Amino acid sequence: MDVERRRLLIFDTRISYGSKEHFFHFMWGYLLPAISFILNQADKGRNRYYFESCGPVMDRLTKEMIDLVEIDASILANQNVEFIQEPCVVPRWDIHLLRDYILGFDKDVSNHIAKFKSDSDLVVYLSTSNFTDKLRGQIIELRDIIISGIMNKSNLTTEMINDPWLVLRRSEQPDYYAIEGKAENKGYGMSRRGLKDIDIFVNKKKGLGLNITAYESGIHTIAHQIHTFNQAKGIIGIKGAEFANLIWMRENSRVIQIRPNSMRTPNVQFKLATLLNLNFIEVITEEGNFPSMSNLNLDWLT
């Protein structure tokens, strides 16, 4: 008789880069590669998988994804770690997306890259033959499985017409991420940066006949986010975690990223868009972390 194995999926902290409690690193450094790992196990039917807790906001998304892909998994309470038989360190896709920076094919843009370059094991791993093609294959395979599940099983409905432009509205900060909260890295959503005058911009463009709507990812289920991004013609947003949802967009969709001039973090959003064959444009703003959409040069948007 087959014996069930209890396997814990571990967020890899050997290289310091982002937090599993924040949406982009949670998605690309933990949830998506973990789901891919599970689905590609030949003996997954004999395993019970456990996710680490990633805080109350991300745990809700983990539970939704587990239900969506119908896997035998749950979130493990910290006090139950001793019952795990086999730990599994999850690949950090969020770091792997920065391969061209780490290997020196693209110019360094932040101090993150210097840390990555000094990790000889990571450099060797990223230098393996056809690495990018293999990574893209894993991502596309996972995307197709999840989107198929959404379309075939979900009764999800939205009020949007197909092929809208989405203007991404960042969410207000949950208490968990406040200074007095329990998050390991403080700050979230609009407490860090965001676009102002979104409704004015959207209404103006609607008046000119553009199919456009504001969309706040953080208040919706993961299924709703997947469906909405998959139906979009393009997105407009300030550089941030919401761009984790690029994976759900159709090839050749358009991506407009607004970046404050002072931001010097790696452009993982551009690398992800390139990998997924999305048309990426970056617009630089001098207005700091809260630019007004009324002052951005987007008159060419159609």
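See the structure printed just above.
Cut-offs and rules
- Residues numbered from 1 in each chain as written.
- Predicted model: local features only at pLDDT ≥ 70, side-chain atom pairs only at ≥ 80, totals over all residues.
- Heavy atoms only, no water.
- Buried < 20%, exposed > 50% of the residue type's maximum accessible area, 1.4 Å probe, protein only.
- Helix = DSSP H or I, 4+ residues; strand = E, 2+ residues; numbered from the N terminus.
- Pairing = 2+ DSSP bridges.
- Axes fitted to C-alpha atoms, helices over the stretch in contact; angles between N-to-C directions.
- Contact = heavy atoms within 4.5 Å.
- Salt bridge = Lys/Arg side-chain N within 4 Å of Asp/Glu carboxyl O.
- Core = buried A, V, L, I, M, F, W, Y, C linked by side-chain atoms within 4.5 Å.
- Disulfide = S-S within 2.5 Å.
- Parallel < 35°, antiparallel > 145°, perpendicular 65-115°, else oblique.
- Left-handed = near helix turned anticlockwise from the far one by under 90°.
- Nonpolar A, V, L, I, M, F, W, Y, C, P; charged D, E, K, R; others polar.

Chemist: Would you mind going over the pairing of strand S7 (residues 234-238) with me for this structure?
Modeler: Most of S7 is tucked away, with five of its five residues classed as buried. Alternating residues of S7 divide into Gly234, Ile236 and Ile238 and Ile235 and Gly237, and every residue in both groups is buried. Examined bridge by bridge, strand S5 (residues 165-168) and S7 share three bridges and lie parallel to one another. Paired with Val167 across the bridge in S7 is Ile236. Note: S7 against strand S8 (residues 254-260), five bridges, orientation parallel. Note that in S8 the partner of Gly234 across the bridge is Arg254.

Chemist: Would you explain the sheet that holds strand S3 (residues 73-75) in this entry?
Modeler: Adjacent strands of a sheet form backbone hydrogen bonds with each other and so pair up, either parallel or antiparallel. One open sheet accounts for four strands, arranged S3-S2-S1-S4; its pairing is parallel. Of all strands in the sheet, those with a lone pairing partner are S3 and strand S4 (86-89), marking the two edges. Averaged over all adjacent pairs, the angle separating strand axes in this sheet is 30°, with direction ignored. Bridge analysis of strand S1 (residues 5-10) against S4 gives four bridges, and the strand direction is parallel. From the neighbouring strand, Leu9 faces S4, where its bridge partner is Cys88. On top of the sheet, helix H1 (residues 23-39) reaches S1, strand S2 (47-51) and S4; it is set at about 175° to S2, its chief contact.

Chemist: How should the pattern of salt bridges be read in this particular structure?
Modeler: Any two side chains of opposite charge can pair, so long as their charged atoms come close to each other. For the coordinates displayed, the defined rule picks out 16 salt bridges. As a salt-bridge pair, Glu52 and Lys20 come within 3.1 Å of each other at their nearest N and O atoms. Residue Glu52 is located in the loop between S2 and helix H2 (55-69), and its partner Lys20 is located in the loop between S1 and H1; the two are separated by 32 residues in the primary sequence. Residue Glu52 shares its accessibility class with Lys20, and that shared class is buried. Close ionic contact of Glu251 with Arg136 constitutes a salt bridge, the shortest N to O distance being 3.1 Å. Taken as a pair, Glu251 in the loop between S7 and S8 and Arg136 in helix H7 (residues 131-153) lie far apart in primary sequence, 115 residues in all. Within this structure, Arg99, Asp100, Asp106 and Lys271 form a network of salt bridges that share partners.

Chemist: Hey, could you run me through the sheet that holds S7 in this one?
Modeler: With parallel pairing, the five strands of this open sheet are ordered in space as S6-S5-S7-S8-S9. With partners counted over all chains shown, the strands left at the sheet margins are strand S6 (212-215) and strand S9 (279-285), one partner each. When strand polarity is set aside, the average angle formed by the axes of neighbouring strands in this sheet is 20°.

Chemist: I tried to follow the nonpolar core on my own but got confused; where do I start?
Modeler: Generally speaking, soluble globular proteins have nonpolar side chains that are buried together. In this structure, Met27, Trp28, Phe51, Met65, Leu246 and Trp248 are the most contacted members of the largest nonpolar core, which totals 75 residues. A total of 11 residues in this core trace back to one element, the largest contributor, which is H1. Each residue touching Met65, except ones within four places of it in the same chain, is listed here: Leu31, Leu32, Ile35, Ile146, Ile222 and Trp248. Counting 17 residues, the second largest nonpolar core, distinct from the first, contains Leu195, Ile236, Val283 and Leu298.

Chemist: What is the right way to look at the state of the cysteines in this model?
Modeler: Defined simply, a disulfide is a covalent bond joining two cysteines at their sulfur atoms. On inspection of all chains with the given rule, the structure shows zero disulfides. Sulfur of Cys54: no disulfide; nearest cysteine sulfur belongs to Cys88 and is 15 Å away. Residue classification places Cys54 among the buried positions, given a relative accessible area of 0%.

Chemist: Got a minute to help me understand the side chain of His22 in this structure?
Modeler: Looking at the element boundaries, His22 is found in the loop between S1 and H1. Given the relative accessible area of 10%, His22 is considered buried. Among residues more than four places away in sequence, those in contact with His22 are Met58, Tyr177, Asn185, Gly187, Tyr188 and Arg192.

Chemist: Even after reading the chapter, I still don't get the packing of H2 against helix H9 (residues 222-231), so can you show me in this structure?
Modeler: Axes are the key here: two packed helices are described by the angle between their axes and the distance separating the axes. Where H2 meets H9, the axes come as close as 9 Å, and the angle between the chain directions of the two elements is 70°. One finds that H2 runs roughly perpendicular with respect to H9. Across the interface between the two elements, Leu61, Glu64, Met65 and Leu68 from H2 touch Ile222, Gln225 and Ile226 from H9.

Chemist: Can you walk me through the packing of H1 against H2 in this structure?
Modeler: Packing of H1 against H2 brings their axes to within 12 Å, and their N-to-C directions diverge by 30°. As the angle between them shows, H1 and H2 are arranged roughly parallel. In the packing of H1 onto H2, the handedness of the crossing is right-handed. Counting all contacts with H1, which are made through Phe23, Phe26, Leu31, Leu32 and Ile35, the residues of H2 involved are Met58, Leu61, Thr62, Met65 and Val69. Classifying every residue of the contact of H1 with H2 by side-chain character gives nine nonpolar, one polar and no charged.

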